[in-house]
Amino acid sequence: MTDINAVYKSVLESDRTAVVICDLEHIIIYMNPVAKERYKKWGGEALLGKNLLDCHNEKSREMIAKVLDWFKASKDNNIVYTSYNEKENKDVYMVALRNEAGELIAYYEKHEYRNRETMKMYDLG
């Protein structure tokens, strides 16, 4: 039988956008390869085990805390739009991660680029 954890990790590792997952104490517990490269000038992989809040200004820390409280308030509160990055033409969200019982166990920031795909469809060449 396939190890589902290996499958999940593979999904994250192959994502073309940065994925940084934090526990409920804001400790960075996972960074995919894109995130390690994207945040290299701030420490990259060395950020693992560090507090995410230390990487943000006071206003951002306040908003992250508010979103986390909102996630905790209801099992239905699972995603919130946080910003638009004009330079990179992307929307940014915070997403709740929950266990099978619906309990909040972690969160991450999701980046969705608005740029049209330039890759040819089904180009296997």
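Residues numbered from 1 in each chain as written. Predicted model: local features only at pLDDT ≥ 70, side-chain atom pairs only at ≥ 80, totals over all residues. Heavy atoms only, no water.

(A) Examining the side chain of His26 more closely. Looking at where His26 falls in the secondary structure, it is placed in the loop between β1 (20-22) and β2 (28-31). Beyond its immediate sequence surroundings of up to four residues, His26 is in contact with Lys50, Asn51, Leu52, Leu53, Ile64, Leu68 and Tyr107. (Helix = DSSP H or I, 4+ residues; strand = E, 2+ residues; numbered from the N terminus. Contact = heavy atoms within 4.5 Å.)

(B) Up close: the environment of Arg98. Relative to the helices and strands, Arg98 is located in strand β4 (residues 90-98). Accessibility expressed as a relative area gives 22% for Arg98, which makes it partly exposed. Leaving out residues up to four positions away in the same chain, Arg98 has contacts with Phe71, Ser74, Lys75, Asn77, Asn78, Glu103, Leu104 and Ile105. Here Ser74 takes part through its backbone oxygen, which lies 3.0 Å from a polar atom of the side chain of Arg98. At a separation of 2.5 Å, a polar atom in the side chain of Arg98 contacts the side chain of Asn78. (Buried < 20%, exposed > 50% of the residue type's maximum accessible area, 1.4 Å probe, protein only. Polar contact = N/O pair within 3.5 Å; in protein donor to acceptor, adjacent residues only side chain to side chain.)

(C) Main features of the side chain of His111. Position of His111 among the secondary structure elements: in strand β5 (residues 104-113). Here Lys90 takes part through its side chain, which lies 2.7 Å from a polar atom of the side chain of His111. For His111, the side chain forms a polar contact with the side chain of Glu109, separated by 3.2 Å. What His111 contacts, discounting residues up to four positions off in sequence, is Thr17, Ala18, Tyr39, Lys90, Asp91 and Val92.

(D) How the structure looks around the packing of aromatic side chains. Per the counting criterion, the structure on display carries three aromatic pairs. Note on Tyr39 and Trp42: the rings are 6.1 Å apart at their centroids and 50° apart in plane angle, and the pair reads as tilted. (Phe/Tyr/Trp six-rings, centres within 6.5 Å; stacked < 30°, edge-to-face > 60°.)

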